[in-house]
Every structure is written in C-alpha cells, then in structure tokens.
Amino acid sequence: MAIRTKKYQLSTDTYTRMAMSQVWKKEWWYALIPFAVGVLPAAIWPSWWWLLLAVVLTLLYVLLRSAQITGVAQMEQSKALFERLNYEIDNKQILLRLNETKGMGLTWDMIGKARRDADAYLLWLQPPAEAEQLPGFRGWLGRTFTVPVFLHLPLRIFNSPNDIKLFDSMLRRKNLLPALEVPVAAPPAAAGPPAA
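For the structure given in this document, a descriptive report is provided here. Counting restarts for each chain: residues are numbered from 1 in the order of the written sequence. Only residues with pLDDT of at least 70 are given local features in this predicted model, and only at 80 or more are side-chain atom pairs given and counted; all residues enter the totals for whole chains, interfaces and linings. Values reported for side chains reflect all heavy atoms of the structure, with hydrogen atoms and water molecules removed beforehand.

## Considerations on the overall build of the protein chain
Link 1 in the chain: The helix and strand tally for the protein chain stands at six helices and seven strands.
Link 2 in the chain: In this description a helix means any DSSP run of H or I spanning at least four residues, a strand means any run of E spanning at least two, and both kinds are numbered starting from the N terminus. Listed by position from the N terminus, the elements making up the protein chain come as β-α-α-α-β-β-β-β-β-α-α-β-α.
Link 3 in the chain: Relative accessibility decides the category of a residue: with a 1.4 Å probe and only protein chains considered, values under 20% of the type maximum give buried, values over 50% give exposed, and everything between is partly exposed. Sorting the 196 residues of the protein chain into buried and exposed places 35% on the buried side.
Link 4 in the chain: Should any heavy atoms of two residues lie within 4.5 Å, those residues are considered in contact. Of the contacts made within the protein chain by residues no fewer than 6 positions apart, 65% connect residues no fewer than 24 positions apart.
Link 5 in the chain: In this description, accessible areas are obtained by the Shrake-Rupley approach with a 1.4 Å probe, and a residue is regarded as covered only by the protein chains that are shown. On the protein chain, roughly 13,200 Å² of surface is accessible, and the fraction owed to carbon and sulfur atoms is 64%.

Now the structure itself:
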C-alpha cells in the first residue's frame, strides 16, 4: 500500500534556515573554543589585542561553519532535494518523483532518524559512510562537522488524514519515531463499606 503525495518544493532558504537552527542549537559551544584559544595568551601577556584576536577567531569560525551549511544547498549532488517533487512512500522505499519517468528512490535504511512537528515530518538522511572510514584528524573532522541533510514533508502535501496516519505508523514500525505511549488503565477502585 503506497502513499502518494501532492507536489512540493523545499526552497533553499527554508532548508538553510532549518539546517542552521539545528546545527547551532547543537554546536553553539564549539564557537567558545576559538574564543578560548584567542584569550588564553592574555593570561601570560595581558593586552586588549588578545581579546580582539579571540573575537575575530570566533567570528571566522561562525562564518566558515555557516558557509558550509549554506553550501549544501548550492551543491550539484543536493539539487534533487530542492526540485518540485511528489513522494511515493511504501514499506520498501521513499520514491522522490520529478515526473512519471524520472525519480530517485531512498530505501528506509538510508533514513537515520525522523521527527514529527506540528506541521511537518523531518526525515534525516544517514551521514556518508566515507567519514567513518577516514583515519585520524580528517575522520574526526568529517564526523564532527557534518551538515544535516533531510527531507521536509509538510502535512499539507498528504492527500488525506488516513495517509498521515499510515505514514506515521510506517515510521513507528521502522523505529524512526518513538512508539505511542499507551495509557495504563487505572486499577479498579476497591469497594469500601457501604455508606450509612
């Protein structure tokens, strides 16, 4: 049983805004590292120049990391994410269709995690395996400074509420969304003495 959605195009601005907020919520403290490196010499040689150097290093880090995130939307490999597509979703794959003859399939093992917001689903793709295989410092850089690549599926592109429920249950079966909490029934009240 497949779910077919309406056509939808994720704009590069929306993607960049969402990816920036995800990265900076998680990695804001990385910006403190260049600041600390720049201020550290001030403990030995007190000067305002060290503080200025710390601020410049921090700004450079923030600009370079933000440029890395913005660059994903400009790459040739990620252009498929920003075209007007409709999605066909079944138990085997998510098919991104440009038209009746062109499309690209994503198997469920390519999806790392999912989240349902009030108005959309976010499906994050697994990071590239090459970063795991690189040794030493390059491998650490590849694993630490990845850019999130995700599918954004607004609820409005689904054709019916039943499609949303079916997609939700697919994600739960694939262990991408947490299972629904089933309320525990309250134990029956003990019968007390009859009222007089």
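## Points about the packing of helix H2 (residues 32–39) against helix H3 (residues 48–72)
Link 1 in the chain: For every element, the axis is a line fit to its C-alpha atoms; helices are fit only across the contacting stretch, and the angle between N-to-C directions ranges from 0 to 180 degrees. For the pair H2 and H3, the least separation of the axes is 7 Å and the interaxial angle reads 160°. Looking at the two axes, H2 sits roughly antiparallel to H3. Seen along the crossing, H2 lies across H3 with a hand that is right-handed. In contact with Pro34, Phe35, Gly38 and Val39 of H2, H3 contributes Trp50, Leu51, Leu53, Ala54, Val55, Leu57, Thr58 and Tyr61. Oblique is the label for any angle not under 35 degrees, not over 145, and not in the 65 to 115 range, which are roughly parallel, roughly antiparallel and roughly perpendicular in turn. Note on convention: near helix rotated counterclockwise from far helix by under a right angle means a left-handed crossing. Clockwise means right-handed.

## Structural notes on H3
Link 1 in the chain: Helix length check: H3 (25 residues) gives 37 Å between terminal C-alpha atoms against 36 Å at 1.5 Å per residue, within 8%.
Link 2 in the chain: Residues of H3 that are buried: Ala54, Thr58, Tyr61, Arg65, Ser66, Ile69 and Val72.
Link 3 in the chain: The N-capping residue of H3, defined by a side-chain oxygen 3.1 Å from the backbone nitrogen of Trp49, is Ser47. A helix is expected to span 1.5 Å for every residue after the first. A 3.5 Å cut-off defines polar contacts: any pair of N or O atoms within that distance qualifies, except that in protein one atom must be a possible hydrogen donor and the other a possible acceptor, and neighbouring residues in sequence count only when both atoms are side-chain atoms.

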